[in-house]
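These are the residues of each chain, in order.
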Amino acid sequence: MKLSVSAALLRGILIGLLLFGAVSAFAGGILGAFLNGGGIPLTYLEGSPFSSYLVPGLVLGLIVGGTQLLGAIGLLRRAEWALIASVVAGFGMVIWIFVEIAVIREYSALQTVYFTLGSAQLILVYALLGLAPGMVRGLTPTRERAAR
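Residues numbered from 1 in each chain as written. Predicted model: local features only at pLDDT ≥ 70, side-chain atom pairs only at ≥ 80, totals over all residues. Heavy atoms only, no water.

**Q** Any chance you could explain the nonpolar core here in plain terms?
**A** Taken as a class, soluble globular proteins show a tendency for nonpolar side chains to be buried jointly. Among the nonpolar cores identified, the biggest contains 16 residues, and L10, L14, L18, L75, L83, L128 and V136 are the most heavily contacted of them. Secondary structure elements with two or more residues in this core: helix 1 (7-35), helix 2 (54-76), helix 3 (82-104) and helix 4 (109-128). Counting residues in each nonpolar core, the second largest holds eight residues, with V64, M93, W96 and L117 among its members. (Core = buried A, V, L, I, M, F, W, Y, C linked by side-chain atoms within 4.5 Å. Buried < 20%, exposed > 50% of the residue type's maximum accessible area, 1.4 Å probe, protein only. Helix = DSSP H or I, 4+ residues; strand = E, 2+ residues; numbered from the N terminus.)

**Q** Which parts of the structure should I look at to understand the side chain of Q68?
**A** Within the secondary structure layout, Q68 lies in helix 2. Leaving out residues up to four positions away in the same chain, Q68 has contacts with L17, L18, G21, A22, A89, G90, M93 and Q121. (Contact = heavy atoms within 4.5 Å.)

**Q** What exactly am I supposed to notice about the confidence of the model for the protein here?
**A** Predicted coordinates in regions of low pLDDT should not be interpreted in detail. On average, residues of the protein score 90 in pLDDT, and 89% of them reach the 70 mark or higher. Within the protein, helix 2 carries the highest mean pLDDT (97), whereas helix 5 (residues 143-147) carries the lowest (50). (pLDDT = per-residue confidence, 0-100.)

**Q** Explain the packing of helix 2 against helix 3 to me, please; I cannot follow it from the model alone.
**A** If you want to describe how two helices pack, look at the angle between their axes and the distance between the axes. Their axes nearest at 8 Å, the elements helix 2 and helix 3 cross at an angle of 150°. Judged on the interaxial angle alone, helix 3 and helix 2 are roughly antiparallel. Both helix 2 and helix 3 take part in a crossing whose hand is left-handed. Of the residues in helix 3, those in contact with P56, V59, L60, V64, T67, Q68, L70, G71, G74 and L75 of helix 2 are A82, L83, A85, S86, V88, A89, G90, G92, M93 and W96. For the contact of helix 2 with helix 3, a count of residues per class yields 13 nonpolar, seven polar and no charged. (Axes fitted to C-alpha atoms, helices over the stretch in contact; angles between N-to-C directions. Parallel < 35°, antiparallel > 145°, perpendicular 65-115°, else oblique. Left-handed = near helix turned anticlockwise from the far one by under 90°. Nonpolar A, V, L, I, M, F, W, Y, C, P; charged D, E, K, R; others polar.)

Printed below as a string of C-alpha cells:
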C-alpha cells in the first residue's frame, strides 16, 4: 500500500514544525544569552571556547531560530526561495544538535527531539520537491514550482 498525501498538507506540517523550531530556538537563545543558560550548569562549557552561554545563546536564537522563522515565512508567503530556506533551517537544527553534544558532552532527550525536528523538516522538503515519487499527490512533473 502506497501512502499518498497532498502537498498542501505536507507544506502545512512543515510550516508548523518550522514555527515550533523558531519559538523554541528563540526561547533557548534568550535563556542562554540573557539568563546565562537559565539554570544549565556552566560546567557543561568546560573545555569549550565559551565561558558563558552568551555566544551559544545568540547563535541559537538568531541563527537557528532566525532560519527556522525565515523558512516558515517563506512558505506562508509562497516565496520561490522558501524550500531552500527550509533546508537551511533543517540542516541548521541538526548541526546545532551535533555541535551541542560535541561541546557539552552531555545528553538530553531534548537533543533527540530537536534532531528529529530538523530531520523531519528535511524529509518534508525532500517530499515537497517531488523527490519521493508517488508520495505527494498533486505535484506536477515540474514539481509544481517547488511545491507552492
